[in-house]
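# Residue-level structural notes
For reference, the chains in residue letters:
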Amino acid sequence: MTDKPLILVLGDQLSPHLSSLAAAPEAPILMAELAEEASYVRHHRQKIALIFSAMRHFAETLKDQGRAVTYLKYGETGGVDSFADALRLLIKRDGITRLLVTEPGEWRLMQEMQNWAESLAIAVEIVPDTRFLATHAEFETWAEGKKQLRMEFFYREMRRKTGLLMDGDEPLGGQWNYDADNRKKLPKDHAPPPRLHFAPDAVTEDVLALVARHFGNHVGRLDNFAWPVTAAQAEQQFAHWLDFCLPHFGDYQDAMKTGEAFVYHGLVGASINIGLLDPLKVCQAVEARYHSGQAPLNAVEGFIRQILGWREFIRSLYWLKMPDYADSNFFDHDRALPDFYYSGETDMACMREAIGATVTHAYAHHIQRLMVTGNFALLAGIAPAAVNRWYLEVYADAFEWVQLPNTHGMALFADGGLVGSKPYAASGAYINRMSDHCSSCTYNVKQAHGDTACPFNYLYWDFMIRHRDKLGGNPRMGMVYRNLDKMDDAKRDGVIASAKEFLQKL
Ligand code: DLZ
């Protein structure tokens, strides 16, 4: 039988040096906009538009390079809703005998792919995704025998491996991690610089109309779509950030400000995760700004830690621990997700701001995700599966490999401490320290309980009381429980009563 190969390129594999494309430079390519991928969760409408538009642009780039691409637009080929449907069509049309695909980012799709050889009766070769800097085998070797897996130590391995921010065998500047220098609040009149926006071109306009037509029941505004949809645009946005934002990124990495959705953040997560930017090149460009004296070490290290440390660690952990990982529920939380996670309609100013940005931009920065919406879900006892689904839906950069460990592990501590050594639980005082939200909030951040008290305050203590059996023995929680023991009975009773009333209304 003649060998008839086909390369399947997924919507988050839009990279010219993708391993599958490099493995068979002459092979034809299939790309498809699919109902199943767009709807297995109700992705934010901007996320669907971003992926479809970036896919269409990438297909044109491949064609310009002389590659044969079959591109199936959404809804234009009857009976094609899934990757398997699309493949069946090409197998029948072109007599395909062999499929080449770079490993997917999600467990559910890997399971499907592993069945294709049998269900589609063709040879299926799944090749490693070399856009990541750590291989699965490297991580498994590193993790073997360790009681706890901590990002910090893995990050140091990755620094050594890549040579990024190294001075021989030592970390540049003498310290591995400058997290303590990443926690300034934004000064009152300080306005971060405006960001580059990309007005939709004709391709994006078509996609926006399509998304508006077909995904009316998904969350998100479309009228302000401004994401980069090509590698060139993503590089332009990144270069602008290097010039205008990187120098302040370190200081204000954890800061929140009303009306400032992006502060000094890179906005590169979505571009890197769908393949428009290369993570190593991005880190190298940031490091170069330190060596040329254009950016301080706390900014440069803070950024590189997110990409080289967190991103790689989280992805490796996902593949090491799936599928059981998603089923853990350390606190047995089972409350439904409140409707305001989709509307932003709540009197809590910080939640309104974080959810508002999410609906408007398919984006919120990491402190909003971790310490506002994630923290609230943890304290209120929302079921992890519902919270995980929400994060996977609403963020343009969210694919399960990155979303799940960040939400389930880091924000919700639902894995019982695989990702973090203690829950990222915080009262209103933290939000007040890092933002200007509390001064314009209906609730009083200084009040511990009662109708006008900040809900984060009583929910925080109620959470600690409810879960003492699970958290009391954690050495990193010692101070919290010592403070709880010093609390007088009236305050303790007030906290419990306010939490009960609030949660009942939720
Ligand atoms: C997220 C997404 C969406 C919304 N749509 C498509 C699509 O129509 N076609 C496609 O190839 N990929 C899409 N994706 C990305 C995939 O869901 C992604 O490749 C897997 O979740 C693995 O990370």
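Residues numbered from 1 in each chain as written. Predicted model: local features only at pLDDT ≥ 70, side-chain atom pairs only at ≥ 80, totals over all residues. Heavy atoms only, no water.

## Remarks on the site of the ligand
Around the ligand, the structure places 19 residues, and the nearest of them are Gly-11, Asp-12, Ala-32, Leu-34 and Glu-37. At 2.6 Å from an oxygen atom of the ligand is found a side-chain nitrogen or oxygen belonging to Glu-37. At 3.1 Å, a side-chain N or O of Arg-108 approaches an oxygen atom of the ligand. For the shell around the ligand, the leading source of residues is helix α3 (residues 45-64), giving three residues. Among the residues making up the shell around the ligand, the classes are represented as eleven nonpolar, three polar and five charged. (Near = heavy atom within 4 Å. Polar contact = N/O pair within 3.5 Å; in protein donor to acceptor, adjacent residues only side chain to side chain. Helix = DSSP H or I, 4+ residues; strand = E, 2+ residues; numbered from the N terminus. Nonpolar A, V, L, I, M, F, W, Y, C, P; charged D, E, K, R; others polar.)

## Notes on the domain arrangement of the protein
Taken domain by domain, the protein consists of domain 1 (5-127), domain 2 (136-195 + 245-321) and domain 3 (340-505). For domain 2 and domain 3, the distance between their C-alpha centroids amounts to 24 Å. Facing the 30 residues of domain 2 at the interface are 32 residues of domain 3. Taken together, the two surfaces of domain 2 and domain 3 that pack against each other cover about 2700 Å², and 65% of this comes from carbon and sulfur. Across the contact surface, domain 2 and domain 3 share zero salt bridges. Remark: the boundary between domain 2 and domain 3 carries 13 residue pairs in polar contact (both at pLDDT 80 or more). Taken together, the elements giving at least two residues each to the side of domain 2 that touches domain 3 come down to α11 (269-274) and α13 (297-321). By residue number, the principal contributor to the side of domain 2 that touches domain 3 is α13, which donates eight residues. By residue class, the composition of the side of domain 2 that touches domain 3 is 14 nonpolar, six polar and ten charged. (Domains from an automatic or database assignment. Contact = heavy atoms within 4.5 Å. Buried area = accessible area lost by both parts, 1.4 Å probe. Salt bridge = Lys/Arg side-chain N within 4 Å of Asp/Glu carboxyl O.)

## What about the packing of helix α6 (residues 136-143) against α13?
Following both chains from N to C, one finds α6 and α13 inclined at 85°, their axes separated by 10 Å at the closest point. On the basis of the axis angle, α6 is roughly perpendicular to α13. Between α6, through His-136, Phe-139, Glu-140, Trp-142 and Ala-143, and α13, the contact on the second element is made entirely by Phe-313, Arg-315, Ser-316, Leu-317, Trp-319 and Leu-320. Tallied by class, the residues present in the contact of α6 with α13 amount to seven nonpolar, two polar and two charged. (Axes fitted to C-alpha atoms, helices over the stretch in contact; angles between N-to-C directions. Parallel < 35°, antiparallel > 145°, perpendicular 65-115°, else oblique.)

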